[in-house]
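Listed below, chain by chain, are the residues.
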Amino acid sequence: LQFMNPKCIFYGLTIYTTFLAPILGQRLMLAWSPVLLACVSFASVSTWALGGQLIRRWISTPARARALGTVLSLALVYTALDLAGMFPW
């Protein structure tokens with residue numbers, strides 16, 4: 001159901017409006033670009049699903065799940081502070 005995924009829709013719109021504007025006059029390239037977009041989207045979704053499976057297997061114990069949750073929460077706090085400009089570097 002990736003055709004209903006808003007992230008893929010925005011990805012496609014961004015690609016076509018920003019990066020593929022120079023090929024608008026080339027019909028062959030314009031015809032092949034959706035095929036390439038579909039292949040890239042399929043590869044990224046498959047990689048994301050495989051990564052999720054590997055993480056799920058790795059966090060099968062409560063200690064590992066807690067450690068991963070701690071690392072991810074610290075990364076989220078760091079990202080929020082960095083976006084807020086709290087770090088001088």
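An account of the accompanying structure is given in this report. A quick note: this is a predicted structure, and the numbers were derived from the prediction, not measured. (Residues numbered from 1 in each chain as written. Predicted model: local features only at pLDDT ≥ 70, side-chain atom pairs only at ≥ 80, totals over all residues. Heavy atoms only, no water.)

### Details of a nonpolar patch on the surface
The grouping of I9, F10 and L13 at the surface amounts to a nonpolar patch, some 320 Å² of accessible area in total. Along the chain, I9 turns up in helix α1 (residues 6-19). (Patch = residues over 30% accessible without salt bridge, like charges linked within 9 Å, V, L, I, M, F, W, Y side chains within 5 Å. Areas by Shrake-Rupley, 256 points an atom, 1.4 Å probe, with all protein chains shown as cover. Salt bridge = Lys/Arg side-chain N within 4 Å of Asp/Glu carboxyl O. Helix = DSSP H or I, 4+ residues; strand = E, 2+ residues; numbered from the N terminus.)

### Regarding the packing of α1 against helix α2 (residues 27-58)
To characterise two packed helices, one gives the angle between the axes of the helices and the distance between these axes. Interhelical geometry of α1 versus α2 gives an angle of 140° and a closest axis separation of 12 Å. For the element pair α1 / α2, the angle class is oblique. Crossing handedness for the pair α1 and α2: right-handed. In this structure, α1 contributes Y11, G12 and Y16 to the contact, and α2 contributes S33, P34, L37, V40 and S41. In terms of residue class, the contact of α1 with α2 is built from five nonpolar, three polar and no charged. (Axes fitted to C-alpha atoms, helices over the stretch in contact; angles between N-to-C directions. Parallel < 35°, antiparallel > 145°, perpendicular 65-115°, else oblique. Left-handed = near helix turned anticlockwise from the far one by under 90°. Contact = heavy atoms within 4.5 Å. Nonpolar A, V, L, I, M, F, W, Y, C, P; charged D, E, K, R; others polar.)

### With respect to helix α3 (residues 62-83)
For α3, with 22 residues, the first-to-last C-alpha span of 31 Å sits near the 32 Å given by 1.5 Å per residue. Remark: G85 follows α3 within two positions and exhibits a positive phi of approximately 80°. (Expected span 1.5 Å × (residues − 1).)

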